[in-house]
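Reading the structure
Now for the letters of each chain:
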Amino acid sequence: MPEFVRSGVRMAALLVLGASVAACGSFNEASRKFASAITPYKVEVVQGNVITKEQVDALQKGMSRQQVKDLLGTPLLASVFHANRWDYVFTIKRKGVPEQERRFTVYFNDTGLERFEGDEMPSEQEFVASVTTSIKNPKVPRLEATPEELAKYKAEQPAPAPSADTSSSDVSTAAPPANYPPLESPQR
């Protein structure tokens with residue numbers, strides 16, 4: 001292959017590479033939405049224990065390890081090198097939502113819980129609101145019928161047929177049968 005052909009191929013490759021780099025820099029919101037629409041599904045990753053402000057408020061100095069475990073759950077990290085320290089870490093990764101990470105550490109001494117420290121924990125309602133994907137302006141169906149609709153429904157129902165039994169026993173007060181038919185036929 002002559003030298004001028006090789007240099008032309010190199011020049012074309014450089015132009016394609018340059019155009020690709022320029023195209024990557026010109027992503028706008030519409031192209032990002034398109035790219036995210038064709039990307040594969042990403043699984044939500046939730047790790048660790050959710051600790052709320054209410055749980056932190058319930059902690060008291062001197063609590064036993066079991067009481068702390070009952071309140072906060074099993075720690076994510078309990079090191080043999082730091083036997084008097086439990087670390088609770090919570091992370092959640094969801095598509096379209098900023099990653100959340102919270103850390104909380106409890107320290108024990110011979111008598112029980114000594115102290116605790118960590119990130120500011122959300123209340124239970126705040127946490128639920130942060131992970132709930134809500135639909136803007138959801139269409140909520142009407143769950144009650146108006147009196148006019150109820151009157152229309154009553155008018156459309158046929159009148160009950162007179163019963164052959166003239167006794168005043170009501171079906172709802174009838175005693176259940178003493179025995180029931182078998183579930184399977186006796187012949188197999």
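Attention in this report is confined to the structure presented alongside it. Each chain has its residues counted from 1, running along the sequence as written. Reporting in this predicted model follows two pLDDT cut-offs: at least 70 for local features of residues, and 80 or more for side-chain atom pairs to be given and counted; totals over whole chains, interfaces and linings ignore these cut-offs and use all residues. Values reported for side chains reflect all heavy atoms of the structure, with hydrogen atoms and water molecules removed beforehand.

Quick word on the overall build of the protein chain
For the purposes of this entry, the term helix denotes a DSSP run of H or I that reaches at least four residues, the term strand denotes a run of E that reaches at least two, and both are numbered from the N terminus. Across its full length, the protein chain carries six helices and five strands. Counting only residues that meet the buried cut, the protein chain has 16% of its 188 residues in that class. Residues are treated as being in contact if the distance between any of their heavy atoms lies within 4.5 Å. When contacts within the protein chain are restricted to residue pairs at least 6 apart in sequence, long-range pairs at least 24 apart make up 47% of them. Within the structure as shown, the protein chain displays about 15900 Å² of accessible surface, and the carbon and sulfur contribution to it stands at 59%. Any residue under 20% of the maximum accessible area for its type is buried, any over 50% is exposed, and the rest in between are partly exposed; the area is computed with a 1.4 Å probe on protein chains only. Method for areas: the Shrake-Rupley scheme with a 1.4 Å probe, in which residue coverage is limited to the protein chains shown.

Things to note about a negative patch on the surface
A contiguous patch of negative charge, built from Glu54, Glu120, Glu124 and Glu126, is present on the exposed surface. In this structure, Glu120 sits in the loop between β5 (112-118) and α5 (124-131). When its relative accessible area of 76% is taken as the criterion, Glu120 is described as exposed. A patch consists of residues exposed above 30% relative accessible area that lack any salt bridge, with like charges linked at up to 9 Å and nonpolar side chains (Val, Leu, Ile, Met, Phe, Trp, Tyr) linked at up to 5 Å. Just to be clear on terms, a salt bridge is a Lys or Arg side-chain nitrogen sitting within 4 Å of an Asp or Glu carboxyl oxygen. Counted charges follow a simple rule, with Lys and Arg positive, Asp and Glu negative, and His plus the chain ends left uncounted. Where a charge lies is defined by one atom per residue type: Lys uses NZ, Arg uses CZ, Asp uses CG and Glu uses CD.

Overview of a nonpolar patch on the surface
On the surface, a nonpolar cluster with roughly 340 Å² of combined accessible area is contributed by Met11, Leu14 and Leu15. With respect to the helices, strands and loops of the structure, Met11 is situated in helix α1 (residues 3-25).

So, the pattern of salt bridges
For the structure shown, the criterion picks out four salt bridges. In this structure, Lys53 engages Asp57 in a salt bridge whose closest nitrogen and oxygen atoms are separated by 3.4 Å. Pair noted here: Lys53 and Asp57 are both in helix α3 (residues 53-58), with a separation of four residues, about one helical turn. The exposure class of Lys53 is partly exposed, given its relative accessible area of 41%. A salt bridge links Arg115 to Glu117, with the nearest nitrogen and oxygen atoms 3.1 Å apart.

Remarks on the nonpolar core
Residues Leu59, Val68, Leu72, Tyr88, Phe104 and Val106 are the most contacted members of the largest nonpolar core, which totals 13 residues. The set of elements that each furnish at least two residues to this core consists of α4 (65-72), β3 (85-94) and β4 (97-109). If you tally residues by element for this core, the top one is β4, at three residues. Excluding its chain neighbours within four sequence positions, the residues that come into contact with Val106 are Leu59, Val68, Leu72, Asn84, Arg85, Trp86, Tyr88, Leu113, Arg115 and Phe116. Only buried residues count toward a nonpolar core. Its members are Ala, Val, Leu, Ile, Met, Phe, Trp, Tyr and Cys residues joined through side-chain atoms within 4.5 Å.

The quantities given are spatial measurements derived from coordinates; they are silent on function.
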